[in-house]
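# Architecture and fold: a report
Residues per chain are reported as follows:
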Amino acid sequence: MIAAEDINGKILFQDGDHQFIWLGADPEAVSGVVQTNQYLIIEKGRGMLLDPGGVHLFARVVAVVSRYISLDKIEAIFFSHQDPDVSSGIALWLGVTSAKIYVSSLWLRFLPHFGIVDQSRVIGIEEHGNTYKLAGSSTIQFIPAHFLHSTGNYSAFDEKSRILFSGDVGAAVFPPGKEQLFIEDFDQALPYVEPFHKRYMASNRAALQWIKRVRPLNPIMLAAQHGGVYKGKGVTEFLDWFERLSCGIDIIETIYK
Ligand SMILES: [Fe+2]
Ligand SMILES: [Fe+2]
């Protein structure tokens, strides 16, 4: 269970003037709407938001973010991909911050359908990934995660905390009352992780490309956009499982049955 006080978020990593923050559980989660996680990285008083989410979460996420940093200090917003649960609040976020948005270059022409006004503030990430220097100094790597599940898709690795924001990769869909912030025992979380990955992730071949990039980073946590944050042995247990998973077009015949 996620504790009641966690509606205000939790600092997952802190060292000097660097923080990696989970932005809390939604106390009014609506049934039938997939639960999402939002995250904030702060370096020297400057912030980067990771998948701040859809329109209906906007007021809650603004309130929690404001506990840690003032909105005018957010210099960047990362969207792992184009899905509405990630990015449909884009016009609202552009309105309350002066941040630039970083998203796959494949989605630049599609995001205006969520109501963008100023395209000059939306920057395309190149296919092979980029790095971003938060506050001009702290490196965030945009790691390609194409076809996992979106065709133009990235994870974000914060070098200082060594936390990997993995977007939809690692997503768990917990039933009400079974939510947990940390996944340290992967076997226990597997029933909530497996169905999503088998249906939404494009193929094992796509997974292997991502894992090849992620393993050498040796992340201490894997923070997913849905479900929990993998830590401890949960990180390697997830990677080992995903590496062997048949999913998407590998098993397309079973979907059509
Ligand atoms: Fe998605
Ligand atoms: Fe998602």
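Above this text you will find the structure in question.
A brief look at the structure comes next. Predicted model only: the values in this text are computed from it and were never measured.

About the criteria used
- Each chain has its residues counted from 1, following the order in which its sequence is written.
- Think of it this way: whatever chain is written first is A, whatever ligand is written first is 1, and the rest follow in order.
- Since the coordinates come from a predicted model, pLDDT governs what is reported: local features require at least 70, and pairs of side-chain atoms require 80 or more to be given and counted, while whole-chain, interface and lining totals use all residues.
- Remark: hydrogens and water are excluded; side-chain values derive from all non-hydrogen atoms of the structure.
- Fitting axes to the seven residues that end at a residue and to the seven that start at it, the angle between those axes gives the bend at that residue.
- Helix and strand assignments follow DSSP, with helices taken as H or I runs no shorter than four residues and strands as E runs no shorter than two, numbered in order from the N terminus.
- Buried means the residue's accessible area, taken with a 1.4 Å probe over protein chains only, is under 20% of the maximum for its type, while exposed means over 50%, and partly exposed covers the values in between.
- Two residues form a contact once any of their heavy atoms are found within 4.5 Å.
- Whenever two N or O atoms come within 3.5 Å, that pair is a polar contact, provided that in protein one can donate a hydrogen and the other can accept it, and provided that, for residues adjacent in sequence, both atoms are side-chain atoms.
- A donor here means any N, O or S atom no more than 2.8 Å from the metal (3.2 Å for Na, K and Ca); water is not included, so a site may seem to lack partners.
- Sites are called tetrahedral only when four donors show all angles between 85 and 135 degrees, square planar or octahedral only when four or six donors show opposite pairs over 155 degrees and all other angles between 65 and 115, and irregular in any remaining case.
- The pairing criterion for strands is at least two bridges between them, as found by DSSP.

This part takes up helix H4 (residues 186–200). The principal kink in H4, of about 50°, is found at Tyr192, preceding the proline Pro195 by one to four residues. All of the buried residues along H4 are Phe186, Ala189, Tyr192, Val193, Phe196 and His197. Among the structural elements, strand S12 (182–183), strand S14 (229–231) and helix H6 (233–244) are those in contact with the buried residues of H4. The opening residue of H4, the one whose side-chain oxygen lies 3.3 Å from the backbone nitrogen of Asp187, is Asp185.

We now examine the coordination of the iron ion (ligand 1). Taken together, His81 (NE2), Asp83 (OD), His149 (NE2) and Asp168 (OD) make up the protein donors of the iron ion (ligand 1), found 2.0 to 2.2 Å from the metal. Given four donor atoms and angles of 87 to 172° at the metal, the environment of the iron ion (ligand 1) is assigned as irregular. Donor residues binding the iron ion (ligand 1) come from one chain and are separated in sequence as H-x1-D-x65-H-x18-D. Distance-wise, the iron ion (ligand 2) is placed 3.4 Å from the iron ion (ligand 1), both being coordinated by Asp168. Here His81 is found in the loop between strand S5 (74–78) and helix H2 (84–87), whereas its partner His149 is found in the loop between strand S9 (138–144) and strand S10 (154–158), with 68 residues between them in sequence. With respect to burial, His81 and His149 carry one shared label: buried.

Regular strands place their side chains on alternate faces of the sheet. Of all the seven residues making up S9, seven are buried; the element is thus mostly covered by neighbouring parts of the structure. Residue alternation in S9 divides its side chains into two sets, Ser138, Ile140, Phe142 and Pro144 and Thr139, Gln141 and Ile143, and both sets are buried. Linking strand S8 (residues 131–134) back to S9 in an antiparallel pair, the connection comprises three residues, with Ala135 at a positive phi of about 55°. Here five bridges tie S9 to S10, and the two strands are oriented antiparallel to one another. What sits directly across from Ile140, in S10, is Asp158.

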